[in-house]
Amino acid sequence: MNRIVLIGNGFDLAHGLKTSYSDFINWYWKQWKRELILCHCSILEDPLCSIELDTEETDFTQWHGFLMQNSIAYQQMSGMEFYDAFSNGGLAIMKKSKLLTRICQSIETKGWVDIEADYYALLKECLKKNSTIEVKKLHEHFAYLQEKLIEYLLEIQVKSTNKDIVLSSIKEKIYEPISKYDIAISAQEQFGEFMAERANGDKICDVINYYEDEVSMLKGMTIHNIRTYQKGLFINDEVWNHLNHKNPVLVPDNILIVNFNYTNIASLYLSPRIREHFQLNNIHGTLDNPQSVIFGYGDEMDKYYQELEDLNDNNYLTYIKSSKYLDASNYRKLLQFVESAPYQIYIMGHSCGNSDRTLLNTLFEHENCISIKPFYYQKEDGSDNYIEIAQNISRNFKDKQSLRDKVVPKDYCEPLPQASAN
């Protein structure tokens, strides 16, 4: 019995990295702020935005003097604060692409943004107009945004990546034993077979040998302990509850981290000792190889997707993830793991939104998937986002009965550990 750990942006955020799309857009405007303060010309532009001196209202000397006079105030502003102040300042004309306009509106109205979802919304607008010209323009803007995102995340990664960033509390969760209460009712027989296989003394010795450095409960286990846990595999619920639902020898046979992030934080959790049983799949590529980065939208279940394909115009499919997955073997390797044995899924920091629905549907509804356990975000006020994750998971299922059986109830779920603010 295996485990797949889905790693999303919330995983990097849990380690204190400012990797949200809102953080990225804030950085983008801070770059603009710096350029404007230092500029000696009346117009600056990039593929997403242009800021031009309103020559009818003021001249360049007045413009430059204004910037220098207010440079200290601007330097103290966040990127988005600068954007709000400058776009309404009256001394210049700001022109933004439709993509950047929509992104900024999302942040202003919701406080967060899903860039890939906003991109897809604009792509569907192009579909309605059947405008190849607008699609090409949208993709030019999206390509530049991807380039800037990689630049930003590289800065974050260089500043943050070191072995000290690893959280032992998260590592324990990744390697922890499988709990029988996490397993779907329809898969209890399979779990029973897994328990029976682990009741073999030789197998337990093998498990201890390659997991003891990663699972604290297995460290220093003796022959007496082994016999105790062999007997404990089939004890009654009252005793099992006393063992906190988890028998330490029931660790997964193999663990696969499916990293949806571009950073290398997930790789820091790999154990050199058990590499044979622990794999990392950077399904969306890595910053070290920008050409491998997959950035776009992946929802073949969307009602408009078939219309995109029926147009017979490949310009519309440039940033559809389903096509981009074929650039590398990562997706096929994931399918090989999925087909190899029953598996449970841990969700750590992935919202399970529609931008990855094609892939998630494949994982969630596969007959070998026997459990889906979300680790939710616990907010400071005591509330959490378990229900939001569950609702998003639901959108990845066609079979709702299977959904209700496989998703672990909140009673048996827990928050994703977070790095200390200090």
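The structure displayed is predicted, hence computed values, not measured ones.

**Student:** Break down a negative patch on the surface for me, citing the residues and quoting the values.
**Tutor:** Judged by side-chain charge, Glu300, Glu307, Glu309 and Asp310 come together as a negatively charged surface patch. Owing to a relative accessible area of 39%, Glu300 belongs among the partly exposed residues under this scheme.

**Student:** Tell me what's going on with the packing of helix H2 (residues 21-38) against helix H8 (residues 132-160), and back it up with residues and numbers.
**Tutor:** H8 packs onto H2 with a crossing angle of 100° between their chain directions and a minimal axis gap of 10 Å. Of the possible angle classes, the one that applies to H2 and H8 is roughly perpendicular. Facing H2, whose interface residues are Tyr21, Asp23, Phe24 and Trp27, H8 presents Leu145, Lys148, Leu149, Glu151, Tyr152 and Glu155. Here the residues of the contact of H2 with H8 sort into six nonpolar, no polar and four charged.

**Student:** I'd like a description of the packing of aromatic side chains, backed by residues and values.
**Tutor:** Tallied over the entire structure, the rule returns 19 aromatic pairs. A centroid spacing of 6.0 Å and a plane angle of 40° characterise the contact between Phe24 and Tyr152, whose relative ring orientation is tilted. In this pair, Phe24 is assigned in helix H2 and Tyr152 in helix H8, connecting sequence segments 128 residues apart. Assessed through its relative accessible area of 1%, Phe24 is described here as buried. Just above the ring of Trp112 sits the side chain of Lys110; from NZ or CZ to the centre is 4.1 Å. Stacked on the ring of Tyr376, the Lys or Arg Lys410 has its end atom at 5.5 Å from the ring centre.

**Student:** An account of helix H17 (residues 357-364) is needed here, citing residue identities and associated values.
**Tutor:** Along H17, seven of the eight residues are buried, which leaves the element largely enclosed by surrounding structure. Taken residue by residue, H17 has Arg357, Thr358, Leu359, Leu360, Asn361, Leu363 and Phe364 as its buried positions.

**Student:** Mind laying out the pattern of salt bridges, listing which residues take part and the relevant values?
**Tutor:** This structure, assessed with the given rule, holds 15 salt bridges. Residue Glu125 pairs with Arg102 through a salt bridge whose shortest N-O separation is 3.8 Å. A residue pair is termed long-range when its members are at least 10 positions apart, and Glu125 in helix H7 (residues 115-129) and Arg102 in helix H6 (residues 98-110) qualify at 23 residues. Among the residues examined, Arg102 registers a relative accessible area of 28% and is labelled partly exposed.

Parameters and conventions
- Residues numbered from 1 in each chain as written.
- Predicted model: local features only at pLDDT ≥ 70, side-chain atom pairs only at ≥ 80, totals over all residues.
- Heavy atoms only, no water.
- Patch = residues over 30% accessible without salt bridge, like charges linked within 9 Å, V, L, I, M, F, W, Y side chains within 5 Å.
- Areas by Shrake-Rupley, 256 points an atom, 1.4 Å probe, with all protein chains shown as cover.
- Salt bridge = Lys/Arg side-chain N within 4 Å of Asp/Glu carboxyl O.
- Lys, Arg positive; Asp, Glu negative; His and termini not counted.
- Charge placed at Lys NZ, Arg CZ, Asp CG, Glu CD.
- Buried < 20%, exposed > 50% of the residue type's maximum accessible area, 1.4 Å probe, protein only.
- Axes fitted to C-alpha atoms, helices over the stretch in contact; angles between N-to-C directions.
- Helix = DSSP H or I, 4+ residues; strand = E, 2+ residues; numbered from the N terminus.
- Parallel < 35°, antiparallel > 145°, perpendicular 65-115°, else oblique.
- Contact = heavy atoms within 4.5 Å.
- Nonpolar A, V, L, I, M, F, W, Y, C, P; charged D, E, K, R; others polar.
- Phe/Tyr/Trp six-rings, centres within 6.5 Å; stacked < 30°, edge-to-face > 60°.
- Lys NZ or Arg CZ within 6 Å of the ring centre and 35° of its normal.

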